[in-house]
Amino acid sequence: MPTAHPGDTVLVTGANGYIASWVVRRLLEKGYNVRGAVRKADKGEYLKNYFESYVKQGRLEVVVVEDITKEGAFDEAVKGVHAIEHMASPVPVNNDLGDPEEFIRPAVDGTLGILKSALKNNPAIKRIVVTSSSAAVSTVTPEARTFNETDWNELSINETREQGKQAHPMTKYRASKTLAEKALWKFYEENVKKEGRVTWDVVALNPPFVYGPGIQEISSPSTLNATLKVWYEFVYSPSTSSAKPKEAFELSNSWVDVRDLADAHVLALEEEEAGGERIIVTQGAYVWQEWLDIANALPSSLVERSSSPLPKGFPEITAQPQSLTYQIRYDTAKEQRILGINYRTKEETTRDTVEDFVRRGW
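Values in this document were obtained by computation on a predicted structure and should not be read as measured data.

Rules and cut-offs
Residues numbered from 1 in each chain as written. Predicted model: local features only at pLDDT ≥ 70, side-chain atom pairs only at ≥ 80, totals over all residues. Heavy atoms only, no water. Buried < 20%, exposed > 50% of the residue type's maximum accessible area, 1.4 Å probe, protein only. Helix = DSSP H or I, 4+ residues; strand = E, 2+ residues; numbered from the N terminus. Pairing = 2+ DSSP bridges. Salt bridge = Lys/Arg side-chain N within 4 Å of Asp/Glu carboxyl O. Contact = heavy atoms within 4.5 Å.

Caption draft 1: Fine view of the pairing of strand β4 (residues 83-86). Burial along β4 is two-sided: the residues A83 and E85 and I84 and H86 are all buried. Pairing between strand β1 (residues 9-13) and β4: three bridges, direction parallel. When the sheet's bridge partners are listed, V10 is paired in β4 with A83. Inspection of the sheet shows β4 paired to strand β5 (residues 127-131) by four bridges, in the parallel sense. When the bridges of β5 are listed, A83 appears paired with R127.

Below you can see the structure in the form of structure tokens.
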């Protein structure tokens, strides 16, 4: 299958988002042209100002796609591009007791919509990279476990079907991500691969929690990307961190720096072997207390510029590293073989994220 190369034009959906804005930056830095799709015109103004030099060179344009779930929403946006980074994913808010379909239908329809538009309007596209999630891979189990790309989160789908509106919002979200990715592969198999109608292929990237500095316009911590907001509340904000029980700081998951994930998106366009693959992209596992320990070891010249002392948490949790339990791990053998990301460490991500918060005056 053909791969993308610098000089090609790449459509990035949800281009003003936390992860997507870094993908736009990496693509431009590597010599690609970018067409960024945003939901509203004002959402694209910051992008155009931030990347002003690229706009003047004619290498970045911003288009408006108001509702990605509408039939044919991307029909015009896909015309003339060589590849697509599909990153837009509508997430409903205040849905604690809402219909699960309010999560599922936008996720599924948004994914299928761009595939249909590409099939109908641009069969010359080389590759489509879709941002999925580790939520489509892993399940919450009592025992520690390592997951890989052959795993699917069927549990959240089943629980959502059984519990309906009573299902936990995160269960509904996990189900939506799983069903959206399943729809991606079903469409690809039935309409592209089996039929042999076009030459493009697809890649699904499955990151876990994404942390690191942002480059998009953020008015306050309350408007941070959902996962980065959690990091802020645990590691940087004394008021929210101190309200959490000790057990919260013992919880574990896996993570990736937003800049490494952006690099993975670009490499997924360029590496031929990535075509037709789902790829887990993660640096590794953590317990929350590790982040606090690292933050408190930052140079005093940086920490003193923050608005108040950083939270301490419960340092005794990490006093004996060999006794830490990481509940969820991922096998990254496929990612290392195909993409070969050289991941940033927790120390690098913590330093750069705190510097970003300080720069924003938080």
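Caption draft 2: Looking closely at the pattern of salt bridges. Applying the stated criterion across every chain yields a total of 26 salt bridges. The partner of K48 in a salt bridge is E45, and the shortest N-O contact between them spans 3.1 Å. One end of the pair is K48 and the other is E45, both in helix α2 (residues 41-50) and three residues apart, which spans about a single turn. Judged by relative accessible area, which is 31%, K48 ranks as partly exposed. Owing to a relative accessible area of 37%, E45 belongs among the partly exposed residues under this scheme. Note that E76 is salt-bridged to K79, the shortest N-O span being 2.9 Å.

Caption draft 3: Representation of the side chain of R26. Here R26 shows up in helix α1 (residues 18-29). Beyond its immediate sequence surroundings of up to four residues, R26 is in contact with R259, A262, D263, V266 and R344.

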